[in-house]
Amino acid sequence: MARTSSRRRAAKLMAKPSGSTMVKGNPDDRISSLPNDILVNILNRLDVRAATRTSVLSRRWSQLPAMVPQLTISARDLLPSETKTSISKAEIVRRTTAAVAKDPANAAVSDAELVRRTSAAVAKALADAAAVAKALANAAAVAKAVANTAVAKMIKSILARRDPGGWPIRLSMTFYLRDGVPISVGHTVGNAMATLKVEKAEFTVLTEKKGRKCSIDDVVNYGTRFVSFFNECHNAFAGLTRLYLENLRFRESNFVSNILVTCKQLNYLGFFNCDTEDWITLQVEHAQLIELSIVNCRFDMVKLTWVPKLTCLVFLFWLTSREPPLALGYVPLLEVLRLSNAARSLDKMLKLSTFLHETSVRDLTLGFQCEKVSCGLIALSWFHLFSTHPIMCLLQIWVQPECLTRRQAYVFQQLRILNLVKIPEGYDLTWTMFFLEAAPSLEELYMTVWDHPCEMEMNQEIRREQLYSENKGVEWESPTSNFKHHCLAKFILVGFQAKDYMVSHVRRVLKAAVNLQDVYLYDRLVCAKCQEKVKNARRYDALVRCICPGVNLPIKFPCTNEDQRAVQKRMPRGIGSLAKIHFLSSNKIKAEHWPRIAVDSLGAIED
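Residues numbered from 1 in each chain as written. Predicted model: local features only at pLDDT ≥ 70, side-chain atom pairs only at ≥ 80, totals over all residues. Heavy atoms only, no water.

The biggest cluster of nonpolar side chains holds 129 residues, and the ones touching the most others in it are F203, F226, L304 and F496. Excluding anything up to four places from it in sequence, F203 contacts M173, F175, V185, G186, V189, F229, A236, F237, L240, R242, L243 and Y244. Within the second largest apolar cluster, 10 residues are counted, among which are W450, I492, I589 and I597. (Core = buried A, V, L, I, M, F, W, Y, C linked by side-chain atoms within 4.5 Å. Buried < 20%, exposed > 50% of the residue type's maximum accessible area, 1.4 Å probe, protein only. Contact = heavy atoms within 4.5 Å.)

Written out as structure tokens, the structure reads:
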């Protein structure tokens, strides 16, 4: 009887609505005549604001938004679109100076008077710009508060109308750590976990200020807010499957461990610019964790003691002068590993054969960060510890090429994809052949060679004071003569220049990889920070040089067909390689290559 009754209810739900449920006076409304499951599928593809607006159409439509299987609500999506862009101080000075010089009223004044008027005008322009920037910052804070409140109201309203006996729901909430909104969201989600079928629940907890703009007081304050949120909403955190945190400093050294103990269902855990007041050893033991991301965090050591389901690990920018403060314990399923750091002159080099012992990594990314390491909490931590300027470190290669024994080489047997990011320009690349010899099953090799002046300290005195390492090259000689690699199919080199050391390296890879199919040679990347400025000012060559010196480095990329043929003749001569060589500009990067090339964006969530 119960089964028959449930079938009748299901048939009634799936049946086409009667004429009374159609929008009155609108015979062309064919959408409302569709079954509920199709309408819910359509609403599920819309953002939450658009979906909830349909509830005003009729009584029937008012129930549909609460039936969607995936509920994603983000405070960032509710923010108003930016209508103004900031202008740098240098640009303000340039524009103001040009305007004063062109003013007819200043045509007959003396040079001294012109300088005085220009200085006064520049001072006023900078003051006005500062006032505008402050007003925009206040407006942004108000907008975030309004968006945050909207998140709490929307999630509460939608879940309150959801049928407890309905289909499972997946929740994804993104909100700012301010006011009482996080606790309100936490209680709502906690109650939903107790009364509804919640398949997945995700929290992305953002701070109003981003990493570079956070002071020590800011991160301590954010950490205190999160602790209060966490303690008030244990039920919600106990059921979370994904958690992302940023810009937090915890007073209690064991609080990070408390997160791991409480959040037993986590599949993903991400920390960005997080730490504790004391340097601690973080022991990670978690039965369900699949992906772990630790970026710009200050821990003495992270030990993955027992994480049996972990498949992906992102560990970027560590602060200690020893090898990476990371110990890989029981991680039998680890396949994707991303390590990135900017080494100092006193740092030790890492032996991968020892570090990756007893793992089976298939996808490995090693980043060398060009030069600048002063980002987010790293700079703040050094400032806090030493009361000096944040330490800026010139890249030296922190990976030690090795001559592996057969037993050591076993570590690389499963490696299929290798990505070497931000290798310095102008230095011999022979050492990278170590990976080809160590990984016989490697199929794809990515290399980004980038040494951009916009991210370098050019003052020699500062370089000496702040422990820059001037040794950016690595010497390594292959123990195997006439080495051959039989699995490599793709070689992608970003930042290629028709210089001898690069042409020689491509030739070296072509010679070793006998089954290589495609070689993609991309031009030098344009600095992302300066890209818009350069785009707007490209026709003013002198201005471009001032804004972004790296753009005006001597062009060595073979742009013309004639130059490309000349380079190709230098590469496969006497090798007999059948690989096809593609020359592409940096603004034509293939979609399949871009995620590897843009790997530096991992970890942070930007507004």
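Taking burial as the measure, the 7 residues of strand β13 (residues 417-423) include 7 buried ones, the bulk of the element. By the bridge criterion, 5 bridges tie strand β12 (residues 363-367) to β13 in an arrangement that is parallel. Pairing of G367 across the sheet is with V421, part of β13. Here 5 bridges tie β13 to strand β14 (residues 444-449), and the two strands are oriented parallel to one another. Opposite I417, over in β14, you have E444 as the bridge partner. (Helix = DSSP H or I, 4+ residues; strand = E, 2+ residues; numbered from the N terminus. Pairing = 2+ DSSP bridges.)

Our focus in this paragraph is the pairing of strand β16 (residues 518-522). Counting buried residues along β16, 5 of its 5 residues qualify, which places the element largely inside the surrounding structure. Of the two faces of β16, both are covered, the one formed by D518, Y520 and Y522 as well as the one formed by V519 and L521. Pairing between strand β15 (residues 490-494) and β16: 5 bridges, direction parallel. Considered in β16, the bridge of I492 is made with Y520. Between the parallel elements β15 and β16, the chain passes through helix α16 (residues 500-512) in a crossover that is right-handed. When β16 meets strand β17 (residues 580-584), the two strands line up parallel, connected through 5 bridges. Bridge pairing in β17 links Y520 to H582. (Right-handed = clockwise from strand over helix to strand, strands pointing away.)

By themselves, these figures tell us nothing about what the structure is for.
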